Amino acid sequence: MSDRLVLAIESSCDETAAAVVRGRSVLSDVIASQAELHDRFGGVVPEIASRRHLELLDVVVRQALDDAGVGGLRDLDAIAVTQGPGLVGALLVGVAGAKARAWATGLPLIAVDHLFGHVASAMLAPDVELEPPYLCLLASGGHTMLLDVDERMRITLLGSTRDDAAGEAFDKGARLLGLPMPGGPELAALATGGTPGAVTFTPAMIHHDTLDTSFSGIKTALAVALRERGRRKAGAEPSDADLAAAFETAIVATLAGAVRKLVAQRGAGSGHPQARETLALVGGVAANAKLRAAVEATCRESGMRSVATPLRWCGDNAAMIGVASAWYPDRTGSIARSLDAYATSPLFRDRELVPN
Amino acid sequence: MPLLCIDTSTSLVVAALVDASGAVTGSTSSGRAQALLELVDELLDAAGRPELTALGVGVGPGGFTGVRIGVTTARGIAEALDIPLHAINSLQAIAADVATEHPDEVVWGAIDARRGEYFVQPFRAGADGIVVALGPARAIAVADLDDLSGIVVATDGMDPRALARTALAVVAAAEDGAGDPLHVVPDYVRAPDAEPARLQLRIDPLVLDDLDALMRLEERCFPAPWSRGMYEEELVRPANNAVHLAARDDAVGGRLLGAGLASRIGDSWHIMNILVDPSAQRRGIGARLLEQLIECSSQLGGGDGWTLEVRPSNTAAIALYEAHGFLTAGMRPGYYAETGEDAFVMWRSADNPVVPA
Ligand SMILES: Nc1ncnc2c1ncn2[C@@H]1O[C@H](COP(=O)(O)OP(=O)(O)OP(=O)(O)O)[C@@H](O)[C@H]1O
Ligand SMILES: [Mg+2]
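Cut-offs used in this document
- Residues numbered from 1 in each chain as written.
- Chains lettered and ligands numbered in written order.
- Predicted model: local features only at pLDDT ≥ 70, side-chain atom pairs only at ≥ 80, totals over all residues.
- Heavy atoms only, no water.
- Axes fitted to C-alpha atoms, helices over the stretch in contact; angles between N-to-C directions.
- Helix = DSSP H or I, 4+ residues; strand = E, 2+ residues; numbered from the N terminus.
- Parallel < 35°, antiparallel > 145°, perpendicular 65-115°, else oblique.
- Left-handed = near helix turned anticlockwise from the far one by under 90°.
- Contact = heavy atoms within 4.5 Å.
- Nonpolar A, V, L, I, M, F, W, Y, C, P; charged D, E, K, R; others polar.
- Domains from an automatic or database assignment.
- Buried area = accessible area lost by both parts, 1.4 Å probe.
- Salt bridge = Lys/Arg side-chain N within 4 Å of Asp/Glu carboxyl O.
- Polar contact = N/O pair within 3.5 Å; in protein donor to acceptor, adjacent residues only side chain to side chain.
- Pairing = 2+ DSSP bridges.
- Buried < 20%, exposed > 50% of the residue type's maximum accessible area, 1.4 Å probe, protein only.
- Arc of directions from axis to C-beta.
- Patch = residues over 30% accessible without salt bridge, like charges linked within 9 Å, V, L, I, M, F, W, Y side chains within 5 Å.
- Areas by Shrake-Rupley, 256 points an atom, 1.4 Å probe, with all protein chains shown as cover.
- Right-handed = clockwise from strand over helix to strand, strands pointing away.
- Near = heavy atom within 4 Å.

(A) Representation of the packing of helix α8 (residues 240-266) of chain A against helix α9 (residues 289-301) of chain A within the structure. All names here are of chain A. Interhelical geometry of α8 versus α9 gives an angle of 30° and a closest axis separation of 9 Å. It follows from the interaxial angle that α8 and α9 lie roughly parallel. Considering only the axes of α8 and α9, their crossing is right-handed. Here Glu248, Val252, Leu255, Ala256, Val259 and Arg260 of α8 lie close against α9, whose contacting residues are Lys290, Leu291, Ala294, Val295, Thr298, Cys299 and Glu301. In terms of residue class, the contact of α8 with α9 is built from 8 nonpolar, 1 polar and 4 charged.

(B) A look at the domain arrangement of chain A. Residue and element names in this part refer to chain A. What the domain assignment lists for chain A is domain 1 (5-120 + 316-353) and domain 2 (129-308). For domain 1 versus domain 2, the separation of C-alpha centres amounts to 27 Å. Listed by partner, the interface residues are 16 residues for domain 1 and 27 residues for domain 2. Both sides of the domain 1 and domain 2 interface together cover about 1,800 Å² of buried area, and 64% of this is carbon and sulfur. When the buried area of domain 1 at its contact with domain 2 is split by residue, Arg24, Val119 and Arg351 rank highest and sum to 34% of it. As a salt-bridge pair, Arg24 and Glu131 come within 2.9 Å of each other at their nearest N and O atoms. For the pair domain 1 and domain 2, the interface holds 5 residue pairs in polar contact (both at pLDDT 80 or more). Counting only elements with at least two residues in the side of domain 1 that touches domain 2, the list comes to α1 (35-39), α4 (114-120), α12 (346-350) and β11 (352-353).

(C) Fine view of the sheet that holds strand β5 (residues 85-88) of chain B. All names here are of chain B. Across the sheet, 5 strands lie side by side as β3-β2-β1-β4-β5; this open sheet has mixed pairing. Pairing within the sheet leaves two strands with one partner each, and these edge strands are β3 (24-29) and β5. Along the sheet, successive strands turn relative to each other by an average axial angle of 15°, direction set aside. With 6 bridges joining them, strand β2 (residues 13-18) and β3 adopt antiparallel strand pairing. Counted as the bridge partner of Val14 is Thr28 from β3.

(D) Quick peek at helix α8 (residues 315-323) of chain B. All names here are of chain B. All buried positions along α8 are accounted for by Ala317, Ile318 and Tyr321. Summarising the axial view, the buried residues of α8 lie within an arc of 100°, below the 170-degree limit, and thus occupy one face. Exposed residues lying more than 90 degrees from the buried face of α8 are Thr315 and Ala316. Residues of α8 that are buried in the fold lie against β14 (268-276), α7 (285-299), β15 (305-310) and β17 (341-349). Phi for Gly325, located one or two positions after α8, is positive at around 85°.

(E) Geometry of the sheet that holds strand β6 (residues 134-139) of chain A. Residue and element names in this part refer to chain A. Ordered by their spatial adjacency, 6 strands build an open sheet running β10-β9-β6-β7-β8-β11, and the pairing between neighbours is mixed. The open sheet terminates on both sides in strands that have one partner only, identified here as β10 (305-308) and β11. Pairing analysis gives 6 bridges linking β6 to strand β7 (residues 144-149), with the strands arranged antiparallel. Looking at β7, one finds that Cys136 is bridged to Leu147. Of the strands in this sheet, β6, β9 (278-282) and β10 touch α9, which is tilted by about 170° from β9.

(F) View of the interface of chain A and chain B. On the chain B side, the residues contacting the 47 residues of chain A number 51 residues. Across the pair Arg216(B) and Glu186(A) runs a salt bridge, and its minimum N-O distance is 3.3 Å. Inspection of the chain A/chain B interface yields 12 residue pairs in polar contact (both at pLDDT 80 or more). Of all the secondary-structure elements, those providing two or more residues to the side of chain A that touches chain B are α1, α2 (46-67), α3 (88-105), α5 (166-176) and α11 (333-337) of chain A. Ranked by the residues each element gives to the side of chain A that touches chain B, the list is headed by α3(A), at 11 residues. Taken together, the residues of the side of chain A that touches chain B sort by class into 20 nonpolar, 9 polar and 18 charged.

(G) Region of the structure containing the pairing of strand β7 (residues 117-125) of chain B. Residue and element names in this part refer to chain B. In terms of burial, β7 is a largely internal element, 7 of the 9 residues being buried. As judged from the 7 bridges shared by strand β6 (residues 107-114) and β7, these two strands associate in the antiparallel manner. Along β7, the bridge assignment pairs Gly109 with Gln121. What sits between the antiparallel neighbours β6 and β7 is a turn of 2 residues, in which Arg115 has the positive phi angle 50°. Looking at chain direction, β7 and strand β9 (residues 138-141) are connected through 4 bridges and run antiparallel. When the sheet's bridge partners are listed, Phe119 is paired in β9 with Ala139. The turn joining β7 and strand β8 (residues 131-133), which pair antiparallel and follow one another in sequence, is formed by 5 residues; a positive phi near 85° is taken by Gly129.

(H) Broad picture of helix α6 (residues 228-235) of chain B. For α6(B), the set of buried residues is Tyr231(B), Glu234(B) and Leu235(B). Axial view of α6(B): buried residues confined to an arc of 95°, hence all on one face.

(I) Spatial organisation of the packing of α2(A) against helix α2 (residues 64-81) of chain B. At a minimum axis distance of 11 Å, the contact between α2(A) and α2(B) shows a crossing angle of 0°. Our classification of the angle between α2(A) and α2(B) gives roughly parallel. For the pair formed by α2(A) and α2(B), the contact residues are Glu47(A), Ser50(A), Arg51(A), Leu54(A), Glu55(A), Leu57(A), Asp58(A) and Arg62(A) on the first element and Phe64(B), Arg68(B), Val71(B), Thr72(B), Arg75(B) and Glu79(B) on the second. A breakdown of the residues in the contact of α2(A) with α2(B) according to their chemical character gives 4 nonpolar, 2 polar and 8 charged.

(J) Main features of a nonpolar patch on the surface. Residue and element names in this part refer to chain B. Where nonpolar side chains cluster on the molecular surface, the patch consists of Ile130, Val132 and Leu134 and spans about 250 Å² of accessible area. Looking at the element boundaries, Val132 is found in strand β8. Given a relative accessible area of 41%, Val132 falls into the partly exposed group.

(K) Quick look at the pairing of strand β4 (residues 78-84) of chain A. Residue and element names in this part refer to chain A. In terms of residue burial, β4 counts as a mostly covered element, since 7 of its 7 residues are buried. Sheet analysis places strand β1 (residues 5-10) next to β4, joined by 4 bridges and oriented parallel. When the sheet's bridge partners are listed, Ile9 is paired in β4 with Val81. Relative to strand β5 (residues 109-113), β4 runs parallel, the two sharing 5 bridges. The partner of Val81 across the bridge, within β5, is Ala111. Running through α3, the crossover from β4 to the neighbouring parallel element β5 is right-handed.

(L) Molecular detail of the site of ligand 1. Residue and element names in this part refer to chain A. Around ligand 1, a shell composed of 18 residues is seen, among which Ser140, Gly141, His143, Asp171 and Asp316 lie nearest. The side chain of Ser140 places a nitrogen or oxygen atom 2.4 Å from an oxygen atom of ligand 1. Between Asp316 and ligand 1, the recorded distance is 2.6 Å, taken from a side-chain N or O atom to an oxygen atom. Coverage of ligand 1 by the protein chains reaches 85% of its 650 Å² of free accessible surface.

(M) Representation of the pattern of salt bridges within the structure. Taken as a whole, this structure holds 41 salt bridges over all chains when the rule is applied. Glu296(A) is the salt-bridge partner of Arg300(A), the closest N and O atoms lying 3.6 Å from each other. Placement of both Arg300(A) and Glu296(A) in helix α9 is noted, with a separation of 4 residues, approximately one turn of the helix. Of the charged contacts in the structure, one is a salt bridge between Arg228(B) and Asp212(B), with a shortest N-O distance of 3.1 Å. Here Arg228(B), found in helix α6, pairs with Asp212(B), found in helix α5 (residues 211-221); they are 16 residues apart in sequence, far enough to count as distant. Since its relative accessible area comes to 38%, Arg228(B) is described here as partly exposed.

Spelled out as structure tokens, the structure:
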């Protein structure tokens, strides 16, 4: 892997982040979250997020350089930035800040896809030295994808959600249960107090030959259960914790089921011409302990190695953008100066993402 | 001297360079703000790439995204080159030339604010040629442009030379040590278009089942939260001597947004705690809880009245209590153990009529 010293910047949603990495070693990693700012609006408000990114970006970058002991920008080899997908107004703050620094110092600029960043984040797992090729489950706030990653980090989309993303489902479930944002971790915490099996929600049945997933049925099941139980009263059954546990279990089962199918089709011993031996679990929802355990168990059954992104780098961060940048070409000159952000990933549009 | 100025607050991208001799070159482009650096690069190439010593950037008002690209770019360059950055009022740059040509007349700078509005601000140049703002920038309806008294300049973009002159005036007036890029922020004038999610507030009893949510709320509200045990103890007090209320938002599954606890101690009621989720503050939830606490405790027999302790630094809470008839009755030195802070003791007597705020 490249051993260049890279400053990476990420501002695609509601985290302003900067990191300094060398290859896969993270020398500094600063994340300023705006989650609380958006809570009162019931979701991320793009204009508020963009304004906050502007206030935070330079402070976060200064901090990342300081923490890494980098004297000045000129000691770096390149500057990487998330180009998309995400909120364009928010992305443009990171992109403008990165372009300005690259232009002023003459450093090359590297434009990285955010989803590619999540996929590469598994390379941050310690003691594993993960290298492509591998299969990947990306489960985040905006995406739920089953992917193939080849030797050159070219990514192919094999299956995705037909409705909500897994993280979005967690967030909506959490709202139904009256939990604050971000809902995933709150719901998982509530679920630990529930009795497993007290309530069950059936995971979505999707036709057996597709790798697509669906979560809206589970969300509806929770809404119905809550309506049937009626307004919260002391001691009402089933408890919120039981419902949270059932909800989490159904989502995890859906994701683990998709992984099982993926591994059967493309994993070790599948006989597929491009069979892979490793599966990576990445994205914000990969922080979920039950999902990590279920994916690990599923892979172990089929003789696959599984690698999950370390908890710190599951959600949005700049370290993963820095690691991912090693696979992308440098941009200089006019292309770097006029770089724009984009809202939708090519992975979604073309079912394929080639880092170029 | 080489001073680079940029502005992206209108649909015209503007760059100007003041070289060491004070000569100004400039250039504009009708392309997107995303290509701002292309324009700047060409301008600097044409000038033989002088080493920049200062920057100026138009901070708007204007298109939010455009202004942000300009300001973020300028801050990034200033950070990278370690040179000062100065904020330029984009409306002033637009009005400057006309104002100087018509000394002592009111000249309005105007920038299309979309949605049928313009950002406007009045300026006047004195005999010395110095342009000063006569009032703040604001957004007005397009139809009201005609009613402004004075000359209105509503060009799209500004002459690079006017941008440079305005920047030079800012630099000349700047104090020593000014120019920290982190202090240069957009002047949006307008608040972001965002409505706080609508609340469906319900006030009802706070029960033991709420403990988990209550602890989360407490942690979000206070650096030194009450322990779970303390709340548990409060919640199991006999119902005729205690009032425990929850504020829930039925728009989001009855999420606990606030809580209020009062206990009868001797002949008076003690307001033990009122807490409101940070994301829902300044929306009247604290007041609703306080009013209901007083109402419910009155029904149980109000006794002599109500009392509470509050941090002197918590001015918002003090204002709330004063608006509900509480008066400061004394001070408890060092009351808050964690910080050693004093507490104000506030008191509302049972026969004290509430003065409406
Ligand atoms: N422990 C957890 N259990 C379940 N979900 C979780 C957990 N931790 C985080 N999440 C969920 O992860 C999501 C955030 O992930 P991430 O930051 O990767 O998404 P995003 O950046 O918003 O979306 P995308 O990367 O698709 O653009 C949220 O929906 C959050 O609720
Ligand atoms: Mg993400």
